[in-house]
Amino acid sequence: MKITVLDNILQANDAIAAEIAAKLAAHRVFAINLMSSPGAGKTTLLERTLERLEPKGVRVGVIEGDIETSRDAERLEGFNVPVVQINTGTACHLDANMINGALANLDCSAIDLLFIENVGNLVCPSAFDLGETFKVALLSTTEGEDKPVKYPEMFRRAEYVVLNKIDLLPHIDFDVDRAIADGEESGFVDIESTPYLAGVGCEVCHGPGKTHVADPKPGNIIRKPPETTCRRCHTPARDDNFSYEDDIKKIACPPDDN
Ligand SMILES: Nc1nc2c(ncn2[C@@H]2O[C@H](COP(=O)(O)OP(=O)(O)O)[C@@H](O)[C@H]2O)c(=O)[nH]1
Ligand SMILES: [Mg+2]
Ligand SMILES: [Zn+2]
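Quick caveat: nothing in here was measured; it's all calculated off a predicted structure. (Residues numbered from 1 in each chain as written. Chains lettered and ligands numbered in written order. Predicted model: local features only at pLDDT ≥ 70, side-chain atom pairs only at ≥ 80, totals over all residues.)

> Help me understand the environment of L103, please; the structure alone is not making it clear to me.
Along the chain, the position of L103 falls in helix α4 (residues 96–103). Its 22 C-beta neighbours within 10 Å are what place L103 among the buried residues. Separated by 83 residues in sequence, L103 and I20 have C-alpha atoms that sit 8.7 Å apart. (Helix = DSSP H or I, 4+ residues; strand = E, 2+ residues; numbered from the N terminus. Buried ≥ 20, exposed ≤ 12 C-beta atoms within 10 Å, placed from the backbone.)

> Which parts of the structure should I look at to understand helix α2 (residues 42–53)?
Since the α-helix packs 3.6 residues into each turn, any two residues three or four apart lie on the same face. With twelve residues, α2 extends 16 Å between its outermost C-alpha atoms, agreeing within 8% with the 16 Å of an ideal straight helix rising 1.5 Å per residue. Inspection of α2 places K42, T43 and L46 among the buried residues, and these make up the whole buried set. End-on, the buried residues of α2 take up no more than an arc of 90 degrees, which puts them together on one face. Turned more than 90 degrees off the buried face of α2, the exposed positions are R48, E51 and R52. (Expected span 1.5 Å × (residues − 1). Arc of directions from axis to C-beta.)

> Explanation requested: the site of ligand 1 in the structure shown.
Residues in contact with ligand 1 amount to 13 residues; listed here are only the nearest, G41, K42, T43, T44 and K165. Considering each element in turn, the shell around ligand 1 owes the most residues, three residues, to α2. (Near = placed C-beta within 6 Å.)

> Help me out: how do you make sense of the environment of D167 in this one?
Summarising the element assignment, D167 is placed in the loop between β6 (160–164) and α7 (176–181). Owing to 8 C-beta atoms within 10 Å, D167 belongs among the exposed residues under this scheme. In sequence terms D167 and T141 are 26 residues apart; their C-alpha atoms lie 9.0 Å from each other.

See below:
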């Protein structure tokens, strides 16, 4: 019964989101729904972005979503952009109905780009379409590299993910490659995105899993990567059952070759 109710809420939301999308398209407004956990740096990113867009003459509008206060809207006061603050009260996400209300206070014919700063929360904001052009999820290094894998919907539904606070990388234990790779089927993505994982794990035997499944040529297969290679991914924290001697047999290709 509960599931039916939730479906209805999301359906009603999607209908309003579709109207918003049509309205924005009619005014040629590009809209970005900015989502992250609290404090990941959404407002800071907006500040830095507005600094850069203002001299270029891009006409920007902002909708700020917060449970309480208009502090984020106040931070943008120095910029010559219209800002509408939504206070959600107890709601932990923005929905399309709230955006509809905010748009009544924003002249869509006077803007080219609309930023919507969602409520800081890695869970439900991703479920509520707002009629945006793109969803952008921010992940900051101080949150830990496991957040994409623990909150998969947020990072799966976002068209773009921005990794923020990279200036802090030298001071904290955050593995950029793993943050990116955890969202992928096979870990290794490509040499630019995940250089650390190149030649690690199953990739060492046959390249990225997806590629191998599509074209399982036996050429270029390394039969037995050294244990140190495997242990770069199969750390005690990630895989406490890992046994090099047993597990190496499972990835042999063909299987009886090891
Ligand atoms: N070191 C560092 N701090 C940042 C960065 N971006 C934001 N912050 C800080 O993180 C805190 C939260 O930022 P804020 O923009 O309010 O996050 P929001 O809650 O997602 O809007 C503030 O103290 C910012 O100064 C960054 O790239 N590096
Ligand atoms: Mg903010
Ligand atoms: Zn919520």
